[in-house]
Structures are given as structure tokens and as C-alpha cells.
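Structural characterization, general
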Amino acid sequence: MAGVETLRVMETQGRAYRRIWRGSVITTFLNPVMYLAAMGVGLGVLVDDGTGAEALEGFEYLTYLAPGLLAASTMMTGAGDGAWPVMAGIKWQRHYEAILATPVNVRDLVSGHLLWVSVRLLMVSVIFGFVMILFGATGVVQAIAAVIPAMLTGMAFAGPVTAFTSWTEDHTGLTNLFRFGLVPMFLFSGTFFPITQLPGWMQPLAYLTPLWHGVEMTRSWSLGLEPTFSPVVHFGYLALLIVGGWLASQHFLGKRMIT
Amino acid sequence: MSLSESLVVARRLTKKFGDFAAVDAVDFDIRPGEAFGFLGPNGAGKTSTMKMIGAVSPITAGTLSVFGLNPEVDGPEIRSRLGVVPQQDNLDEEIPVDENLLIYGRYFGMSRAELWPRIDELLEFAELTGRRKDKVAALSGGMKRRLTIARALINEPDLLLLDEPTTGLDPQARHLLWDRLYRLKRQGVTLIITTHFMDEAEQLCDRLVVMDKGKIVAEGSPRALIEQYVTREVIEVRFPVGVQETVVDQMEGIAKRVEVLPDRVLLYSDNGESTMQEVHGRGLEPESMLDRRSTLEDVFLRLTGRTLID
Ligand SMILES: Nc1ncnc2c1ncn2[C@@H]1O[C@H](COP(=O)(O)OP(=O)(O)OP(=O)(O)O)[C@@H](O)[C@H]1O
Ligand SMILES: [Mg+2]
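Attention here is on the structure that accompanies the text. The shown structure was predicted, so the numbers you read here are calculated from the model rather than taken from an experiment.

Some details on the overall build of chain A
Broken down by element type, chain A carries 11 helices and 0 strands. Secondary structure of chain A in N-to-C order comes out as α-α-α-α-α-α-α-α-α-α-α. Here the C-alpha radius of gyration of chain A, 19 Å, is about what a compact globule of 259 residues would show, namely 18 Å. With respect to the three principal axes, the spread of C-alpha positions in chain A is 60 × 40 × 30 Å. Counting all 259 residues of chain A, 53% fall into the buried class. Summed over all atoms, the accessible surface of chain A reaches about 11200 Å², with 70% contributed by carbon and sulfur. In chain A, the 13 positive side-chain charges and the 14 negative ones have mean positions that sit 17 Å from each other.

Observations regarding the coordination of the magnesium ion (ligand 2)
Residues and elements named next belong to chain B. Protein-derived ligands of the magnesium ion (ligand 2) are Thr47 (OG1) and Gln87 (OE1), with the metal-ligand distances lying across 1.9 to 2.2 Å. Here Thr47 is found in helix α1 (residues 46–53), whereas its partner Gln87 is found in the loop between β5 (82–85) and α3 (97–107), with 40 residues between them in sequence. Given a relative accessible area of 23%, Thr47 falls into the partly exposed group.

So, a nonpolar patch on the surface
Residues and elements named next belong to chain A. Among the surface-exposed residues, Ile133, Val140, Val141 and Ile144 lie close enough to one another that they form a single nonpolar patch of about 380 Å² accessible area. Per-element accounting of the nonpolar patch gives the leading share, 3 residues, to helix α7 (residues 140–167). As for its position among the elements, Val140 is in helix α7. Classification of Val140 as exposed rests on a relative accessible area of 51%.

Here we look at the sheet that holds strand β1 (residues 8–17) of chain B
Residue and element names in this part refer to chain B. Across the sheet, 3 strands lie side by side as β2-β1-β4; this open sheet has antiparallel pairing. Among the strands making up the open sheet, the edge pair consists of β2 (20–30) and β4 (61–66). Between one strand axis and the next, the sheet turns by 25° as a mean value, whatever way the strands run. Looking at chain direction, β1 and β2 are connected through 7 bridges and run antiparallel. Considered in β2, the bridge of Leu13 is made with Val26.

Here we look at α3 of chain B
Most of α3 of chain B is tucked away, with 11 of its 11 residues classed as buried. The inward-facing, buried residues of α3 of chain B contact α1 (4–17) and α5 (95–100) of chain A together with α4 (112–125) and α5 (141–152) of chain B. Positive backbone phi, approximately 80°, marks Gly109 of chain B, located one or two places after α3 of chain B.

Section: the site of ligand 1
Around ligand 1 lies a shell of 15 residues, among which Gly43, Lys46, Thr47, Ser48 and Gln87 of chain B are the nearest. Ligand 1 is flanked by residues contributed from chains A and B. Within the backbone of Ala44 of chain B, a nitrogen or oxygen atom sits 3.1 Å from an oxygen atom of ligand 1. Here an oxygen atom of ligand 1 sits 2.8 Å away from a polar atom, N or O, in the side chain of Lys46 of chain B. Taking 630 Å² as the accessible area of ligand 1 by itself, protein coverage stands at 64%. Taken together, the elements giving at least two residues each to the shell around ligand 1 come down to β2 and α1 of chain B. Counting residues per element, the shell around ligand 1 draws most heavily on α1 of chain B, which supplies 3 residues. When the residues that make up the shell around ligand 1 are grouped by side-chain class, the tally is 5 nonpolar, 8 polar and 2 charged.

Re the pattern of salt bridges
All names here are of chain B. Across all of its chains, the model carries 38 salt bridges over all chains by this definition. Across the pair Glu236 and Arg292 runs a salt bridge, and its minimum N-O distance is 2.7 Å. In this pair, Glu236 sits in strand β10 (residues 233–238) while Arg292 sits in strand β13 (residues 288–293), placing the two residues 56 residues apart along the sequence. Linking Asp263 and Arg264 is a salt bridge whose minimum nitrogen-to-oxygen distance equals 3.2 Å.

Quick word on the side chain of Arg120 of chain A
Along the chain, Arg120 of chain A falls in helix α6 (residues 106–134). When residues no more than four places from it in sequence are discounted, the contact partners of Arg120 of chain A are Tyr17, Ser24, Thr77 and Asp81 of chain A.

A closer look at the packing of helix α4 (residues 61–92) of chain A against helix α11 (residues 231–257) of chain A
Residue and element names in this part refer to chain A. Put simply, α4 and α11 touch, their axes get as near as 11 Å, and they point 20° apart. With respect to α11, the axis of α4 lies roughly parallel. The way α4 lies across α11 gives a crossing that is right-handed. For the pair formed by α4 and α11, the contact residues are Met87, Ile90 and Lys91 on the first element and Leu253, Arg256 and Met257 on the second. When the residues that make up the contact of α4 with α11 are grouped by side-chain class, the tally is 4 nonpolar, no polar and 2 charged.

Focus on the sheet that holds strand β12 (residues 265–269) of chain B
All names here are of chain B. Spatially, the 4 strands line up as an open sheet ordered β11-β12-β10-β13, and their pairing is antiparallel. Unpaired on one side and paired on the other, β11 (257–260) and β13 mark the two borders of the sheet. Across the sheet, the mean angle separating the axes of adjacent strands is 20° when strand polarity is ignored. Of the strand pairs in this sheet, β10 and β12 are connected by 5 bridges, and their pairing is antiparallel. Within β12, the position partnered with Ile235 by the bridge is Leu267.

What counts and how
Residues numbered from 1 in each chain as written. Chains lettered and ligands numbered in written order. Predicted model: local features only at pLDDT ≥ 70, side-chain atom pairs only at ≥ 80, totals over all residues. Heavy atoms only, no water. Helix = DSSP H or I, 4+ residues; strand = E, 2+ residues; numbered from the N terminus. Rg over C-alpha atoms; globule rule 2.2 N^0.38 Å. Buried < 20%, exposed > 50% of the residue type's maximum accessible area, 1.4 Å probe, protein only. Areas by Shrake-Rupley, 256 points an atom, 1.4 Å probe, with all protein chains shown as cover. Lys, Arg positive; Asp, Glu negative; His and termini not counted. Charge placed at Lys NZ, Arg CZ, Asp CG, Glu CD. Donors = N, O, S within 2.8 Å, 3.2 Å for Na, K, Ca; no water. Patch = residues over 30% accessible without salt bridge, like charges linked within 9 Å, V, L, I, M, F, W, Y side chains within 5 Å. Salt bridge = Lys/Arg side-chain N within 4 Å of Asp/Glu carboxyl O. Pairing = 2+ DSSP bridges. Axes fitted to C-alpha atoms, helices over the stretch in contact; angles between N-to-C directions. Contact = heavy atoms within 4.5 Å. Near = heavy atom within 4 Å. Polar contact = N/O pair within 3.5 Å; in protein donor to acceptor, adjacent residues only side chain to side chain. Nonpolar A, V, L, I, M, F, W, Y, C, P; charged D, E, K, R; others polar. Parallel < 35°, antiparallel > 145°, perpendicular 65-115°, else oblique. Left-handed = near helix turned anticlockwise from the far one by under 90°.

Just geometry here; none of it tells us what the structure is for.
In C-alpha cells:
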């Protein structure tokens, strides 16, 4: 997979990113700060004073929320990086066409792109973990432990969304994906509250969402909670999406670009 | 010259999109060091042909070899020796001029140490040295075009594919580009150029093929094509609005060939002077008459019955 062309694609994506890294890091830092302040601290006080404590398995709301929010952030980063830059490469600026005129082929392009996204996810997770520690939501070890499941969550979205972007015509498809897919997932996959709080018929639906599996494992590894299913199931589901997304991206990008 | 010495050999090369043949069983040979042109109107199949040569579009039928290699299996190796200037610019607009070149060079596996001096050279060549730190988005159309050409040269290609390199440029920018292409040719780079400008083809190409509806309808040097298909001179005759229809009959046989276009009549003749006298001799009173040299445009009209740019 990681041939030398793949590494070159990863490197050039990183080089392009250097132009915007300052703004990007600031957003990556400010987002968790704002969410944890508003929801974790502001709302958390009410939750902890109310009936929340037992549903949250004895954790303070801020502590409970933080890893869920971390997984949701990597989801958004992974999905966003699979959407906008890819559509720009295919259609808006069309520099993918230029790349494919060099010795780089579709597989190298997809692999290099996804590898670069994994680097981005590492950055996002580390910054988020740092904010969690600042808020006193977790200790250092727990924050570090959360990075791996959080990254896998992001990759489980980056791959399939890259495939979707390669397939869909234009930004309308992407906007709809976020509006009808990712935003509901963000809200109802256990990020903010345990899915046991959902109406019974919705719970199986939550099981199907990749985010829920990511949240379960991120929370499990950072808080020491027992996950709903075996880690093999949760990680297996994410791994399936990562590999499937990688393969599907090659298929659809190939169909789109090699005519 | 034997076939094995040709850089590109196509035999019954075909590209289909569904049932539609965009390129329909064409044959051509492109030799090292020459400037070879594909001349044709919109939709003739020029870009489709270029993409197959560039090993980015699989061929549907026939055979194609580039550098003696098969694009289907040796794509990366072929592409490593090519420079490609696509019909539409596809630069990375968000990053500066020089980094566009750097990044592109990295895809060819060139090291930074060899790239930076090469980039200085290419920016000089493209007259973009003063803009090297600007974002591409801030460049004019002509500057982007020159940058695209510079980018295509980063890997010192043996063969440069130029798909309508000067479309959309003003005359001054076109001439600058032509000059750059001459220089490359002198350095021994083989050029393949598509265009629908006949003056461009005449200026740049040693040999060309005229394409129409996926087929090659003629082949040769610009001079040879003109000699073969049209006379040396053409008289363009224009009448006041509404008059042309009433007088075309009277022009029959006035020249070797008479071509009636919606807005003018073309008289193909080896002796323009006497043909113009003959027009007056027949009592015709055109608004204007222009005696000019024949061009590839006339060849195209002769071959297809249509003008090149309509
Ligand atoms: N990807 C595609 N799918 C379907 N049809 C295509 C595709 N690419 C090209 N065609 C069709 O093939 C024909 C030849 O197109 P091509 O782009 O090769 O022409 P061209 O000679 O480069 O024209 P132009 O001067 O307009 O650039 C056209 O009818 C075009 O619509
Ligand atoms: Mg074209």
C-alpha cells in the first residue's frame, strides 16, 4: 500500500496544508474549548445536580462528555477532509487530473490522501486531549489512551466519505451527506448522552452508526468503562469501514478520473 | 524512417464513450524531435487522442505505443517521461507559484536539491520570476498558462503534450508562448500540439493531421497540405447584404474552385490578379475583394465543407 508514490502524495498534501496550519490549529483548539465550556461545564452543572449521575455511570458530565466529543470531532475532521479537498481535487481546481498525469496512479493518490488525513487526525486528537486535560476532564494517561480509538473513528469516516465524494456529482451531495448523515450522527450516537436514553426503536439504529462504535471505544479506553460489545466488535466495525472506504475510494475515483 | 524509431505509433486507434466513437480507427506516427499537430474543430477527438497518448485514458481498440511502451501496462513509466499541458489549467490555486512546481516535481520523485535550481530556471523561462511567491489564484490567464507549461517541463520530458496551449490568450501572450515552444524544439523536445488555430499549426508544426469527427482526413506538412488541397491564392469576395444569393450563379467556373460561404464567396485561383479582373469582366460589383495566400483553414474547408471555427 505505502509505495513511494503514496508517501509523495502524503508529503505534498502536508506541504499544501502548511499554508493554512495556523488557522487550522486555532480552530482545532477553540472548538473543543467552546464545546467543553458550554456543554461540559455550563450544562454539566445542571446534569450533575439532576438525575444525570446514575445514567452516566457515576461520572461527572464533563468527564463523560469529553471522550464522546473527541470521537465526534475526529469524525467531523475525517469526513470533512474526505469531502471538500477531494471535490476540489476532482472538480473545483482539478489538480487530481494533474497528479494522475505523473507516475502517481489512483491507488497512490487515495492511499496518500488517507495517510495524510490520519496525520491530521493525530493532530486533532492530541490537541483535543490537551484541552481535556486543561479542563480537568481526564488525566494525561487517559487522554493519550483516547487518541487511538479517536483516530480510528476519524479514519472510518475519511475513507467512506472520500468514496462518496468521488461518486457524487457536486457539493449538493456533500451538503446533504453532512445535513442528513453526519449531523444526526453527531447528536444521536452517544456523544452527548448514552444511547440508552433514546427511544427503544432508535437504539438499534445507533448501533449501526460508526460514530457510536468510536464513541464506545474512546470512552472505554479513556474512562476505563466496559464497552457495550467486545472491543473486537467495535474496532472490527471501524476497521471494516476503513478498509472498505479505502477500496471503494479507489474504485469510484478511478471511475471518475480515468475515462 | 522505421517505425521503431517513432516515439508514438498508433494503428487503428479508437476511443469510444458508450457507442460513440470519439476517436475512430486513426493511424499516425510521431518522430523524435518533431512538432506534430492535431488540427480540428470542436469535438474532433483531439483531447481524447492526447489523453490516450498521455496514458491517462485507456484505449478502446487498436494499438498504441509511446516510447515503445504500452500505455495500458507501462503507464507510470510513460508518464514519467512526459510533460502534459491540459486543455484546461489544473494548477493548485491555493498555493504559491513556486510551490506548485516543487510539489509537481516531487510526484516525479525529484529531490528538493535538484528541484530548486530547476524551478528558478523554469520561472525565468516562463517570465514568472517576479511572481514566484504569489498564489496561483492571483495570476492572469496567460500567466497561469505559462506556469502550466513550466510545470509540464519540471521533469525534463522527452515528449511534451500541449492541448490547445494558447486558447484564451491575447496575441502577445500567444507569441510569447510560441517563442518558448520554438526554444524547446531546438533543445530536441518532441512536441505534440492540438489546436484549432490554423496560424498556430502553420507556425509551430512540422507535420500535422487534420481531424474531423474522430477521423484523420489529411496528413502532411502545412505547406504540402496547402499545395495538395488548395491553390496558392484565394480571393475573398463580399457583396452587399442580400446581393450574394442573386449573383452566385454568375461566378460559376470563374476560378479553379468556388466556395460559397454565408457571408462571402471564396475563389481559389493560381493567379489572383486575373481572377479579380474576371470578376469585373463578368459585370459583378462586389463590395470588397481581398487577394490572400491560402491557409490550412482553406484546406479544412476543402476537406470537410465546413470552416474550422464557426
Ligand atoms: N468523458 C467523456 N464521456 C463522454 N463523451 C466524451 C468524453 N470525453 C469526450 N467525449 C466526446 O468525445 C468527442 C471528442 O471530444 P474531444 O474532447 O476529444 O474533442 P476535441 O477535439 O478535443 O474538441 P475541443 O476542440 O472542443 O477541445 C466529443 O463529442 C465529446 O463530447
Ligand atoms: Mg479538446
